[in-house]
Amino acid sequence: MRVIAGSAGGLKLDVPSGEVRPTMELVKGAIFSSLGELVPGARVLDLFAGSGGLGIEALSRGATHATFVEHSSAGVDVIHRNLQKARLTGQVRKAEVCHFLRSGNFPEPWDLILADPPYPRTREDQDFGETLLAMPELVTALAEDGIFVLEVPGKSVLDVPGPWELIRRKKYGKTECCFFRKKKTE
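A brief report on the enclosed structure follows. (Residues numbered from 1 in each chain as written. Predicted model: local features only at pLDDT ≥ 70, side-chain atom pairs only at ≥ 80, totals over all residues. Heavy atoms only, no water.)

1. Side note on the sheet that holds strand β5 (residues 142-153)
Ordered in space as β3-β2-β1-β4-β5-β7-β6, the seven strands form an open sheet in which the pairing is mixed. Of all the strands in the sheet, just β3 (91-94) and β6 (164-172) have a single pairing partner and so form its edges. The sheet shows a mean angle of 15° between the axes of neighbouring strands, direction not considered. Sheet analysis places β6 next to strand β7 (residues 175-182), joined by eight bridges and oriented antiparallel. Bridge pairing in β7 links R168 to F179. Packed onto the sheet, helix α1 (residues 25-35) meets β4 (110-115), β5, β6 and β7 and runs at close to 25° relative to β7. (Pairing = 2+ DSSP bridges. Helix = DSSP H or I, 4+ residues; strand = E, 2+ residues; numbered from the N terminus. Axes fitted to C-alpha atoms, helices over the stretch in contact; angles between N-to-C directions. Contact = heavy atoms within 4.5 Å.)

Here you go:
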C-alpha cells in the first residue's frame with residue numbers, strides 16, 4: 001500500500017498484520033479524486049485507521065490536521081511509524097471508535113471524516129457502518145459543510161438516517177464508497 005499523491009506520494013506504508021483490510025489504492029484514489037479541493041486545509045478524522053493510510057493520504061495532499069482512531073496496539077504502532085516515514089504529523093488515539101465519538105473529547109468538528117470499518121462477515125457481526133450512521137455524536141463531530149466518507153461492502157443496503165444526506169455512492173470491485181453530508185435544516 002502506497003501514498004498516492006502529495007508530499008509523501010509514492011511512499012510505501014507499513015500495514016499491521018492480522019485482520020486489517022487496507023483501503024485499496026484504486027478506492028483511495030477515487031475517494032480523494034472525489035474530494036478534490038476539500039482536502040487542502042482540512043481537519044481530518046480517520047476512523048478504524050488501521051495503518052493510517054487514509055489520514056496520511058489527506059495530510060500528504062495538504063490537510064492541516066489528522067486524528068487517527070485505532071483500537072489495536074499494533075495498528076497504533078504502525079500509524080506512528082508510517083507518519084514518521086512520511087515526515088507528517090498527526091494525533092493518534094488508541095480507542096474503540098464508538099467510545100471515542102461518545103466521549104465528545106475533541107476541540108472542534110472535523111471537515112472530513114473517513115471511515116473504513118471492518119465488514120460484517122456474518123449476520124451476527126456488528127455492522128459498524130450502520131452503527132456510525134446512527135450515532136448522533138458522529139453528526140456533531142462533522143463540521144457544518146463537512147463530508148463523511150464511509151466504505152462498505154459492495155452488496156450493502158444502507159438505511160440512511162434522518163440527519164444524513166447521501167450525496168454520492170460509487171462501487172469499486174467489492175467496495176462501495178458512500179459520501180454523506182449533514183442535511184440542511186430550514
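2. A closer look at the pattern of salt bridges
Using the criterion set out here, one finds 10 salt bridges in the structure. Measuring nitrogen to oxygen at the nearest pair gives 3.8 Å for the salt bridge that ties K28 to E57. Of the two residues, K28 is situated in helix α1 and E57 in helix α2 (residues 53-60); the sequence distance between them amounts to 29 residues. Taking relative accessible area as the criterion, K28 reaches 1% and is therefore assigned buried. We note a salt bridge from D145 to K184, for which the minimum N-O separation is 2.9 Å. Highlighted residues: D145 in strand β5 and K184 in the segment after β7, separated in sequence by 39 residues. Ionic contacts of the salt-bridge type, sharing partners, join the residues D14, R81 and K85 into one network. (Salt bridge = Lys/Arg side-chain N within 4 Å of Asp/Glu carboxyl O. Buried < 20%, exposed > 50% of the residue type's maximum accessible area, 1.4 Å probe, protein only.)

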